[in-house]
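A structural walkthrough
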Amino acid sequence: MGAMFRSEQMDLVQLLIQPEAAYSSLAELGELGIAQFRDLNADVNVFQRKYTSEIRRCEEMARKVAVIRRELTKDEVTTPDLSDNIPRTPNSREIIDLEAALEKTENEIMELSENSHALLQNFMELTELKNVLENTQGFFSDKSAAQNLEATGGEPGASDNKPLGFVAGVIPRERIIGFERMLWRVSRGNVFLRQAPIDKPLTDPRTGDEIYKIVFVAFFQGEQLKSRVKKICSGYHASLYPCPNEYSERDEMLAGVRTRIEDLNMVINQTKDQRQRVLMSVAKEVPKWEIIVKKIKAIYHTMNMFSVDVSKKCLFGEAWVPTENLQDVKQALINGTSAVGSTVPSFLNVISTTETPPTFNRCNKFTQGFQNLIESYGIASYREANPALYTIITFPFLFAIMFGDLGHGLILFLLGLWMVLYEKSLSRNKDEIWQLFFGGRYIILLMGFFSMYTGFVYNDVFSKTMNIFGSSWSINYNTSTIMENKELQLNPGEDYSETVYWYGLDPAWMLATNKIIFLNSFKMKLSIIFGVIHMIFGVCMSVVNNLHFKRPINLLLDFLPQLLFLVLLFAYMCFMMFFKWIMYTAVTEEDHLKPGCAPSVLILFINMMLFKNQEPLETCKEYMFESQESVQTIFIFLGLLCIPWLLLAKPLYIMATRKKPAPGEHVAPSGGHGGHDDEPMSEIFIHQAIHCIEYILSTISHTASYLRLWALSLAHAQLSEVLYNMVLTMGLKSDSYTGAIMLYLVFWAWAALTLAILVGMEGLSAFLHTLRLHWVEFMSKFYEGLGLPFQPFSFKAMLDAENEEK
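The model shown is predicted, which means the values in this text are computed figures rather than measured ones. (Residues numbered from 1 in each chain as written. Predicted model: local features only at pLDDT ≥ 70, side-chain atom pairs only at ≥ 80, totals over all residues. Heavy atoms only, no water.)

1. As for the overall build of the chain
In terms of regular secondary structure, the chain is built from 26 helices and 11 strands. The globule rule puts the C-alpha radius of gyration for 806 residues at 28 Å, and the 42 Å found for the chain is more than 25% above it. For the chain, the spread of C-alpha atoms along the principal axes amounts to about 135 × 95 × 50 Å. Counting every position in the chain, which comprises 806 residues, the buried fraction comes to 44%. Within the chain, contacts between residues separated by at least 24 positions form 81% of all contacts whose residues are at least 6 apart in sequence. By element, 59% of the accessible surface of the chain is carried by carbon and sulfur atoms, the whole surface being about 43300 Å². Positive and negative charge centroids in the chain, built from 72 and 88 side chains respectively, lie 6 Å apart. (Helix = DSSP H or I, 4+ residues; strand = E, 2+ residues; numbered from the N terminus. Rg over C-alpha atoms; globule rule 2.2 N^0.38 Å. Buried < 20%, exposed > 50% of the residue type's maximum accessible area, 1.4 Å probe, protein only. Contact = heavy atoms within 4.5 Å. Areas by Shrake-Rupley, 256 points an atom, 1.4 Å probe, with all protein chains shown as cover. Lys, Arg positive; Asp, Glu negative; His and termini not counted. Charge placed at Lys NZ, Arg CZ, Asp CG, Glu CD.)

Put into structure tokens, the structure is as follows:
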């Protein structure tokens, strides 16, 4: 967990690599994923960089792999999953062999595809011709319409005894209406069209789509009409086929076509088998090729960030590297140099810089989810205290306060446990929504565990209580009275046995009608107590940042007034809650310590802020202890004193310690965290005023904001109880055998509503409110979140990002 306390220390290094060893060295660094390279050629056009031609070769290889992948997808050939067995980057000499293999494979597959398309095109044409020959027999046998056409005299100027001509072919079904209308208009009704649909759809040899077509024969008279009909057929993409006039010739031609179709079918099947064998053999290599080409392309893109010296004998590069991994980078350079057999070593030099390094928090699969929650708000500034370390505990705990139910927590816990135990198989599901939930599996696991704990404290299981340790209450009500009134109110003065319940809430409260009053007070005070503790911890975390960034004066000028204001007012309010719980009891001999005399903490706090007094009841006292009024006056005075302290102390200190520049001298920016030498004093006063007002107002609003812990906890418990009383009890009221059937049916409705509303919707609501409490109420006290993310050159990160996009 030490690595989670603050981000890794980073160094800016300069790499001096021989050109022949650059590829292999970067391949080693890409596998490690620990160096973020800087572009030293930002002013150079992309097309003028040194390794642009190599990148084009990679793009051409990627195109060929994509073509092969499309052919595999078209034939529904599955490829192996290499997520657990990623191939290593090949050396530079193997790239030529890879190019040759891709060229050969693409040519072979495309040749088979072209042959297959030609055969399928020939098969479709023969099938259409067969349908034309089969259907024209009926067309020629019906000559009534043709005779009518002859009786009209055909087109003007045609000879009366001239025989009818015709053309036969097929046309797509959706075009037949327009085709028929156009023939009628052009010929003025002198073309007779017969048509018959082809029963089975034909397959397009290029796209594989099914096409429905219609066989037609158009009868006409004269060469002029023949020319017009053929032009219209061409315009409507109708396929024309030769058709003899004599029946015997048509029959002989049909027999020949059928024979050719049978032979062609055999050739097509053999071609498909050959294509399938080739694709099956290639399918095992395609995933490897895809990954390898991406790695090679990434290497050359990174090499284009390097600058070349004048003699072109060395490449210079700069990169941000975690200090702990400097030796790993050196070893990667040694391995890259030895891989190509170079005798000239590569060098690594750490260089000093005033630039702000990127932020890198080293995480494992457990802490990654919590780190993602923090970075959704903002990347931590370099070496700033990391809130994710404390969020591991505080986030599920605050969630559990709002989601306190042993049963519902168990459901969440089991869901998280299932995702943790089977994370290897479940991680293969690349659905975006699923990956969002799966990434937070450990968060869900802890939220469920803590909810079980708080549910045990609240003594709440699906809105029912558990009587494990007995009860500290002795009910003195008459049984008949309870049955008549159906009310049970617990009175601490009469029914309490003075024995503290061993753990959590006494089960007797679940039966009492006044439990809502008790739970309201209990959970409201609890939410304020935890809220103030959480905020005080956030303010104290600023000490860690100030000490690390060597700003000790901020402890006096910022931290101390902030802490005093929070402690003197709101921590004091929490103290009054504890004092009231301890001092005022149901059974006591002193009148002023009876429950009826216990003052309201809220009223006391309001009167304290307004300098007001309130007359107590007879035999009661206004305050809880002697000199409380004086203590409160001192606290409110010191609290108000913290406001000008926070407002003016820091700007005045900067004004007093700022060096006055000599005439003509300009003050250089101090840089780093907390530097103010380059700011005018007016802006410093304005910024500090904004900071002061924001902190004072936010302290009040943030304290009230923690009441959401009480509100959501109470709402969750009441909604669970309503769901139980209005749904599940429907199956518990019947004494007959039908009650069992009713209970069985009602149980599933109750379980579905519990999962959907109480676990799903309420769980999501509690999650979002917990996230807000951390982002706004806790992290605003010390967290800047203005850092730059560390984005190393990493093959794994590159492949994961591409998989997420897919």
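2. Re the packing of aromatic side chains
Following the criterion strictly, the structure yields 44 aromatic pairs and no others. Relative to tryptophan 502, the ring of phenylalanine 469 lies with its centre 4.6 Å away and its plane at 45°, an arrangement referred to as tilted. Of the two residues, phenylalanine 469 sits in the loop between helix H16 (441-458) and helix H17 (479-485) while tryptophan 502 sits in the loop between helix H18 (492-495) and helix H19 (515-548), which places them 33 residues apart along the sequence. A relative accessible area of 63% means that tryptophan 502 is categorised as exposed. Summarising the aromatic geometry, the rings of phenylalanine 570 and phenylalanine 605 are spaced 5.8 Å apart at their centres and angled 40° between planes, so their arrangement reads as tilted. Here phenylalanine 570, found in helix H20 (residues 553-583), pairs with phenylalanine 605, found in helix H21 (residues 601-610); they are 35 residues apart in sequence, far enough to count as distant. Of the two residues examined, phenylalanine 570 and phenylalanine 605, each falls in the buried class. Members of the aromatic cluster, each reached through a chain of ring pairs, are Tyr377, Tyr390, Phe537, Trp775, Phe778, Phe782 and Tyr783. (Phe/Tyr/Trp six-rings, centres within 6.5 Å; stacked < 30°, edge-to-face > 60°.)

3. Things to note about the UniProt feature "transmembrane region" (unreviewed entry) in the chain
Listed under "transmembrane region" (unreviewed entry) in the UniProt record, and renumbered for this structure, are residues 397-421, 433-456, 526-547, 559-581, 631-649 and 747-771. Between the first and last C-alpha atoms of residues 631-649 the distance is 26 Å; the span itself is 100% helix and 0% strand. Taken end to end, residues 747-771 is 100% helix and 0% strand, and its two terminal C-alpha atoms sit 33 Å from one another. (UniProt positions renumbered as here; feature names shortened; annotations may be inferred.)

4. Re the pattern of salt bridges
Inspection of every chain in the model, using the stated rule, returns 27 salt bridges. As a salt-bridge pair, glutamate 99 and arginine 57 come within 2.8 Å of each other at their nearest N and O atoms. Placement of the pair is glutamate 99 in helix H4 (residues 92-141) and arginine 57 in helix H3 (residues 52-74), with a sequence separation of 42 residues. Two residues, lysine 365 and glutamate 423, come together in a salt bridge whose shortest N-O distance is 2.5 Å. Here lysine 365 is found in the loop between strand S11 (347-351) and helix H11 (368-377), whereas its partner glutamate 423 is found in helix H14 (residues 423-426), with 58 residues between them in sequence. Residue lysine 365 is classed as partly exposed on the basis of its relative accessible area of 48%. Here glutamate 423 falls in the buried class, since its relative accessible area comes to 14%. It is possible to trace a salt-bridge network through shared partners that takes in Glu71, Lys74, Asp75 and Arg275. (Salt bridge = Lys/Arg side-chain N within 4 Å of Asp/Glu carboxyl O.)

5. Examining the state of the cysteines
A disulfide bridge is the covalent bond that connects two cysteines by way of their sulfur atoms. If you walk through the whole model with that rule in mind, you get 1 disulfide. For cysteine 597, the disulfide goes to cysteine 620, at an S-S distance of 1.8 Å. Residues cysteine 597 and cysteine 620 are joined through a disulfide that is left-handed, its torsion about the S-S bond being -60°. One end of the pair, cysteine 597, is in the loop between H20 and H21; the other, cysteine 620, is in the loop between H21 and helix H22 (628-657), and 23 residues separate them in sequence. (Disulfide = S-S within 2.5 Å.)

6. Focus on unusual backbone geometry
One non-glycine residue, glutamate 76, adopts positive backbone phi at about 55°. Mapped onto the fold, glutamate 76 is located in the loop between H3 and H4. A positive phi angle, close to 65°, is found at arginine 383, a residue other than glycine. Its location among the elements puts arginine 383 in the loop between H11 and helix H12 (388-402).

7. Looking at a negative patch on the surface
Where like charges cluster on the molecular surface, the negative patch consists of Glu246, Glu249, Asp251 and Glu252. Within the element layout of this structure, glutamate 246 appears in the loop between strand S8 (239-241) and helix H8 (247-283). Judged by relative accessible area, glutamate 246 falls into the partly exposed class, the value being 48%. (Patch = residues over 30% accessible without salt bridge, like charges linked within 9 Å, V, L, I, M, F, W, Y side chains within 5 Å.)

8. A short note on the packing of H19 against helix H23 (residues 681-705)
Where H19 contacts H23, the two axes come as close as 10 Å, and the packing angle between them is 145°. Taking contact as the criterion, the partners of Ile528, Val532, Met535 and Val539 in H19 are, on H23, Tyr695, Thr699, His702 and Thr703. (Axes fitted to C-alpha atoms, helices over the stretch in contact; angles between N-to-C directions.)

9. Re helix H6 (residues 176-187)
If you check H6, its first and last C-alpha atoms are 16 Å apart, about what 12 residues at 1.5 Å a residue would give, namely 16 Å. Buried residues of H6: Ile176, Phe179, Leu183 and Ser187, and no others. Projected down its long axis, H6 shows its buried positions confined to an angular sector of 60°, all on one face. Turned more than 90 degrees off the buried face of H6, the exposed positions are Ile177, Trp184 and Arg185. (Expected span 1.5 Å × (residues − 1). Arc of directions from axis to C-beta.)

10. Side note on the sheet that holds strand S4 (residues 192-197)
Whether parallel or antiparallel, the strands of a sheet pair through hydrogen bonds between backbone atoms. Overall, antiparallel pairing links the 4 strands, which are arranged S4-S7-S3-S8 in an open sheet. At either margin of the open sheet sits one strand with a lone partner, and together these are S4 and S8. With direction set aside, neighbouring strand axes in the sheet form an average angle of 25°. In this structure, strand S3 (residues 165-172) lies alongside S8, joined through 3 bridges in antiparallel fashion. Across the sheet, the residue bridging to valine 170 is serine 239, located in S8. Helix-sheet contacts for helix H7 (residues 223-235) involve S3, strand S7 (213-220) and S8, and the interaxial angle to S7 is about 165°. (Pairing = 2+ DSSP bridges.)

11. A short note on the side chain of asparagine 131
Note that asparagine 131 resides in helix H4. Given the relative accessible area of 11%, asparagine 131 is considered buried. Those residues in contact with asparagine 131, other than ones at most four positions away along the chain, are Ile198 and Val215.

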